[in-house]
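# Inside the fold
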Amino acid sequence: MVNVTAKRIAFYVGIVLIWQALDAANLWADNVFPSPYEVGEDLWYGALDGTLWYGIGTSLWRLVAGLGIAIAGGIVLGIFMARVPTVNQTIGSIVLGLQSIPSVAWAPLAIVWFGLTDAGIIFVTVAGALFAVTINTYTGVKSINPDFIAAAQNMGARGTQLISRVLIPAAFPYMISGFKQGWAFAWRGVIGAELLFSFLGLGFLLNVGRQLNDVSQVIAMMLVIMLIGILIDGFIFKRLEDKVMSRWGLR
Amino acid sequence: MAKLEAKNIVKYFEHDGQPLKALGGVDLVVEDGDFVCLVGPSGCGKSTFLRIAAGLQQPDGGQILLDNRPINSTGPDRILVFQEGALFPWLKVRDNVEFGLKIAGIPESERQEISNRYLEMMQLTKFANSYTYQLSTGMKQRIAIARALVMDPAVLLMDEPFAALDAQTRDLLLVEMQMIWQKTKKTIVFVTHNIPEAAILGNKVAVFTHRPSHIKKIISIDYKRPRLAEDEGLSKYQQEILSELRPEVKKVD
Ligand SMILES: Nc1ncnc2c1ncn2[C@@H]1O[C@H](COP(=O)(O)OP(=O)(O)OP(=O)(O)O)[C@@H](O)[C@H]1O
Ligand SMILES: [Mg+2]
């Protein structure tokens with residue numbers, strides 16, 4: 001464990017050193033290839049005047065709203081697809097197709113329907129994550145040991161009790177994979193939509209950097225987007241997954 | 001008085017596009033308080049019959065009567081214990097045992113009181129807060145039985161619950177099962193392919209024919225309880241069951 005951490009730190013320090021060395025070699029103009037110091041400076045000023053925190057906060061709340069709607073909707077849709085043949089034969093047949101649409105491709109539609117608003121960006125986020133959650137929930141419910149369902153029905157479970165006490169917990173290990181995929185799609189959706197909408201958030205700050213020809217800001221925002229991705233993945237989804245896997249006796 | 005009655009139960013399945021007649025008219029009368037063991041060749045439809053009796057599958061012909069009333073859906077008056085137990089891995093032992101009570105909306109204090117009683121009966125008290133995958137096969141089987149007993153079903157349906165157990169655990173559970181039956185006076189229908197087990201447990205043993213199956217013979221076993229695996233006096237009953245069963249097992253298609 002210590003060994004892994006040490007290797008990682010050495011790796012990141014190495015990258016920064018190589019980056020610094022490339023910058024010192026003056027191969028490219030400074031406004032095309034900024035030094036790590038300049039990027040760090042940009043982050044520092046952003047943090048001091050609050051624009052960075054405001055950007056992070058805006059993007060995160062859009063993420064939470066969009067992902068929340070996608071998870072709730074995906075669970076409902078996935079369960080109905082798995083349990084009601086007609087729903088699967090109709091809606092189910094286009095879910096895979098919808099899943100293949102990159103989330104930013106929903107942005108033009110979102111702009112027409114919602115204008116340049118939070119709702120529009122959240123719509124893009126939902127569209128990005130919804131189908132991954134749906135498909136994984138569907139697969140999870142389909143793979144439930146039929147004896148679990150029979151036993152529960154035999155003991156009197158019907159309708160919503162069957163769903164909440166058996167279908168969802170039994171399918172949960174699969175649903176977690178759906179949440180993980182969904183979150184990654186949602187985060188891309190938020191940033192992509194913010195780039196296009198140019199309406200607050202980290203994607204907007206990234207775009208501002210480009211418009212001002214401020215490459216160090218562009219790189220700084222990309223780093224922040226990546227860092228948030230690593231943190232959310234590691235601290236929320238990885239832990240949730242580990243917990244569920246061990247709790248369900250799958251590990 | 002007849003508790004559970006099967007009248008001319010017929011069931012078809014499809015195999016390679018051909019209809020396969022699994023149950024060819026099963027008639028069975030289970031009296032109140034009976035312990036009936038079902039034996040028969042593999043694939044003759046014993047599990048199918050239990051599922052139909054539990055209301056988990058619909059027969060293509062015939063009727064199941066409980067207390068002389070026809071039934072056509074599943075419910076906690078007939079609880080089936082599955083061969084693999086079908087315990088819920090996401091729940092602790094206690095929550096597995098209390099599952100049906102929770103569904104029935106029984107308040108927590110009462111639930112606990114009931115589950116404590118059966119956890120104790122099954123010697124599971126120490127493991128109430130474990131998850132089921134942490135336990136041995138024998139313990140899981142006892143949890144499955146406890147989960148069925150808390151429902152206080154009119155009829156307990158058991159599908160080879162001891163098949164996966166080692167000999168020692170099985171011998172223990174065979175004695176426990178007889179004591180539970182005497183204590184609770186439950187009506188039990190118990191599928192097994194183990195002839196000594198059938199002779200130990202049943203006060204009646206029903207022998208199925210090969211597919212399409214029906215019940216060819218019911219053997220009554222009047223013998224003291226608790227019966228043990230080593231009881232010599234049971235061997236004549238075992239011989240009788242075997243002589244009915246052997247020709248059926250030989251009919252291979
Ligand atoms: N869902 C199903 N679909 C198709 N065929 C089935 C199905 N369930 C059972 N069968 C067939 O019906 C017949 C009876 O099956 P069943 O499981 O009831 O037999 P069994 O007597 O319990 O056998 P065993 O002693 O091996 O447990 C078998 O030939 C089986 O292949
Ligand atoms: Mg069987």
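Residues numbered from 1 in each chain as written. Chains lettered and ligands numbered in written order. Predicted model: local features only at pLDDT ≥ 70, side-chain atom pairs only at ≥ 80, totals over all residues. Heavy atoms only, no water.

## Observations regarding the overall build of chain B
Defined as follows: Comment: elements are numbered from the N terminus, with helices defined as DSSP H or I runs of at least four residues and strands as E runs of at least two. Radius of gyration means the value over C-alpha atoms here, while the globule rule gives 2.2 Å times the residue count to the 0.38 power. Throughout, a residue-residue contact means that at least one pair of heavy atoms, one from each residue, lies within 4.5 Å. Per-residue and other accessible areas follow the Shrake-Rupley method at a 1.4 Å probe size, with only the shown protein chains counted as cover for residues.
When helices and strands are tallied, chain B shows 7 helices and 10 strands. For 253 residues, the compact-globule formula gives about 18 Å, and the C-alpha radius of gyration of chain B, at 18 Å, lands near that figure. In terms of principal-axis extent, the alpha carbons of chain B reach across some 50 × 45 × 40 Å. Considering only residue pairs separated by 6 or more positions, chain B has 68% of its internal contacts joining residues 24 or more positions apart. When the accessible area of chain B is evaluated, it comes to approximately 11,100 Å², of which 48% is carbon and sulfur surface.

## Quick look at the domain arrangement of chain B
Residues and elements named next belong to chain B. For clarity, the cut-off: Each domain's extent is set by a domain assignment, obtained either automatically or from a database. Buried area: the accessible area, evaluated with a 1.4 Å probe, that two parts lose upon being put together, summed over both parts. For this analysis, a salt bridge means a side-chain nitrogen from Lys or Arg found within 4 Å of a carboxyl oxygen belonging to Asp or Glu. Between N or O atoms, a polar contact is any pair within 3.5 Å; within protein, one atom must be a potential hydrogen donor and the other a potential acceptor, and residues adjacent in sequence are included only when both atoms are from side chains.
As assigned here, chain B comprises domain 1 (2-77 + 153-250) and domain 2 (87-152). Facing the 16 residues of domain 1 at the interface are 12 residues of domain 2. Taken together, both faces of the contact between domain 1 and domain 2 bury some 1,200 Å²; the carbon and sulfur share is 74%. In this assembly, domain 1 and domain 2 are joined by 1 salt bridge. We note a salt bridge from D152 to K186, for which the minimum N-O separation is 2.7 Å. Where domain 1 meets domain 2, there are 2 residue pairs in polar contact (both at pLDDT 80 or more). Counting residues per element, the ones that place at least two in the side of domain 1 that touches domain 2 are β7 (155-159) and α5 (167-184).

## Focus on the sheet that holds strand β2 (residues 18-31) of chain B
The strands that make up a sheet pair up through hydrogen bonds in the backbone, lying either parallel or antiparallel. Residues and elements named next belong to chain B. Worth spelling out the cut-off: Should DSSP find at least two bridges between two strands, the strands are regarded as paired. Only C-alpha atoms enter the line fits that serve as axes; for helices the fit covers just the stretch in contact. Angles between N-to-C directions range over 0 to 180 degrees.
Strands sit in the order β2-β1-β4-β5 across an open sheet of 4 strands; the sheet is antiparallel. The strands lining the two open edges of the sheet, one partner per strand, are β2 and β5 (69-71). Across the sheet, the mean angle from the axis of one strand to that of its neighbour is 35°, orientation sign disregarded. Here strand β1 (residues 2-15) runs beside β2; their pairing, made up of 11 bridges, is antiparallel.

## Re the side chain of D159 of chain B
Residue and element names in this part refer to chain B. Test applied: A simple rule labels every residue: compare its accessible area, found with a 1.4 Å probe on the protein chains alone, to the largest value its type can have, and call it buried under 20%, exposed over 50%, or partly exposed in between. Neither His nor the chain ends contribute to the count of charged residues, in which Lys and Arg are positive and Asp and Glu negative.
Mapped onto the secondary structure, D159 falls in strand β7. It turns out D159 is buried and unbridged, and the closest side chain with the opposite charge, R51, is 5.8 Å from it. Among the polar contacts made by the side chain of D159, one reaches the side chain of S47 at a distance of 2.8 Å. For D159, the residues in contact, after removing those within four places along its chain, are S47, L50, L80, V81, F82, Q83 and V191.

## Overview of helix α8 (residues 159-197) of chain A
Residues and elements named next belong to chain A. To be explicit about the condition: Each helix should span, by expectation, one fewer than its residue count multiplied by 1.5 Å. One axis fitted to the seven residues ending at a residue, another fitted to the seven starting there: the angle between these axes is the bend at that residue.
With 39 residues, α8 ought to run about 57 Å at 1.5 Å a step, yet its terminal C-alpha atoms sit only 42 Å apart, falling short of that. Considering bend angle alone, the principal kink of α8 is centred on F172 and spans about 65°; proline P173 follows within four residues of it. Residue S198 follows α8 closely and has a positive phi angle near 50°.

## Thoughts on the sheet that holds strand β9 (residues 204-208) of chain B
All names here are of chain B. Judged by pairing direction, the sheet is mixed, and its 6 strands sit side by side in the order β6-β7-β8-β3-β9-β10 without closing on themselves. Across the chains shown, the open sheet's two edge strands, defined by having one partner strand only, are β6 (78-81) and β10 (215-220). Going from strand to strand, the sheet's axes swing by 20° on average, the running direction of each strand aside. Of the strand pairs in this sheet, β6 and β7 are connected by 4 bridges, and their pairing is parallel. Across the sheet, the residue bridging to V81 is M158, located in β7. Along the sheet, helix α7 (residues 235-250) makes contact with β3 (35-39), β9 and β10, crossing β10 at roughly 175°.

## Some thoughts on the site of ligand 1
All names here are of chain B. As a reminder of what qualifies: Distances are taken per atom, and a residue is near a molecule or strand as soon as one of its heavy atoms is within 4 Å of it. Residues are grouped as follows: Ala, Val, Leu, Ile, Met, Phe, Trp, Tyr, Cys and Pro are nonpolar; Asp, Glu, Lys and Arg are charged; every other residue, Gly included, is polar.
Close to ligand 1 lie 13 residues; S42, G43, K46, S47 and T48 are nearest. Within the contact set of ligand 1, an oxygen atom lies 2.7 Å away from a side-chain nitrogen or oxygen of S42. A distance of 2.5 Å separates an oxygen atom of ligand 1 from a polar side-chain atom of T48. Coverage of ligand 1 by the protein chains reaches 66% of its 630 Å² of free accessible surface. Split into classes, the residues belonging to the shell around ligand 1 amount to 4 nonpolar, 6 polar and 3 charged.

## Looking at the pattern of salt bridges
Under the criterion given, the structure shown has 16 salt bridges over all chains. Salt bridges linked by common partners bring R62, D118 and E194 of chain A together as one network.

## Observations concerning the domain arrangement of chain A
Residues and elements named next belong to chain A. The domain boundaries assigned to chain A delineate domain 1 (1-26 + 34-39) and domain 2 (50-247). On a C-alpha basis, the centres of domain 1 and domain 2 stand 33 Å from each other. Regarding the contact of domain 1 and domain 2, the summed buried area is about 350 Å², with carbon and sulfur atoms giving 87% of it. In this structure, the connection of domain 1 to domain 2 is made through 0 salt bridges. The interface formed by domain 1 and domain 2 includes 0 residue pairs in polar contact (both at pLDDT 80 or more).

## With respect to the nonpolar core
This is how it is decided: In this description, a nonpolar core means a group of buried Ala, Val, Leu, Ile, Met, Phe, Trp, Tyr and Cys residues linked to one another through side-chain atoms lying within 4.5 Å.
Counting residues in each nonpolar core, the largest one holds 142 residues, and the members touching the most others are L202 of chain A together with L38 of chain B. The greatest single-element share of this core, amounting to 14 residues, is contributed by α8 of chain A. Aside from chain neighbours lying at most four places away, what touches L38 of chain B is L28, K46, F49, L50, V189, F190, V191, T192, A206 and F208 of chain B. Formed by 6 residues, the second largest nonpolar core is a distinct cluster that contains A107, A110, I121 and A193 of chain A.

## Observations regarding the packing of helix α2 (residues 36-49) of chain A against helix α3 (residues 51-83) of chain A
Residues and elements named next belong to chain A. Note the following rule: Orientation categories follow fixed angle ranges, with anything under 35 degrees roughly parallel, anything over 145 roughly antiparallel, 65 to 115 roughly perpendicular, and all other angles oblique.
Between α2 and α3, the shortest axis-to-axis distance is 4 Å and the interhelical angle comes to 80°. It follows that α2 is roughly perpendicular to α3 by the angle criterion. Counted together, L43, G46, A47 and D49 of α2 and T51, L52 and W53 of α3 form the full contact between these two elements. Looking at the contact of α2 with α3 residue by residue, the classes come out as 4 nonpolar, 2 polar and 1 charged.

## Side note on the packing of aromatic side chains
Operational definition: We call Phe, Tyr and Trp rings a pair once their centres come within 6.5 Å, taking the six-membered ring for Trp, and we label the pair stacked below 30 degrees between planes, edge-to-face above 60, and tilted otherwise. Criterion for a charge above a ring: Arg CZ or Lys NZ at most 6 Å from the ring centre, at most 35 degrees from the ring normal.
A complete count under the given rule lists 18 aromatic pairs over all chains for this structure. Taking the centre distance of 6.0 Å and the plane angle of 80° together, the rings of F172 of chain A and F179 of chain A count as edge-to-face. A relative accessible area of 7% means that F179 of chain A is categorised as buried. Taking 6.0 Å as the distance between ring centres and 50° as the angle between the ring planes, the aromatic pair formed by F35 of chain B and F190 of chain B counts as tilted. Note that F35 of chain B is positioned in strand β3 and F190 of chain B in strand β8 (residues 187-191), a separation of 155 residues in sequence. The same class applies to F35 of chain B as to F190 of chain B, namely buried. Here the aromatic cluster, defined as three or more aromatic residues joined through ring pairs, consists of W106, W113, F114 and F123 of chain A. Directly above the ring of F88 of chain B sits R147 of chain B, whose terminal nitrogen or CZ lies 4.9 Å from the centroid.

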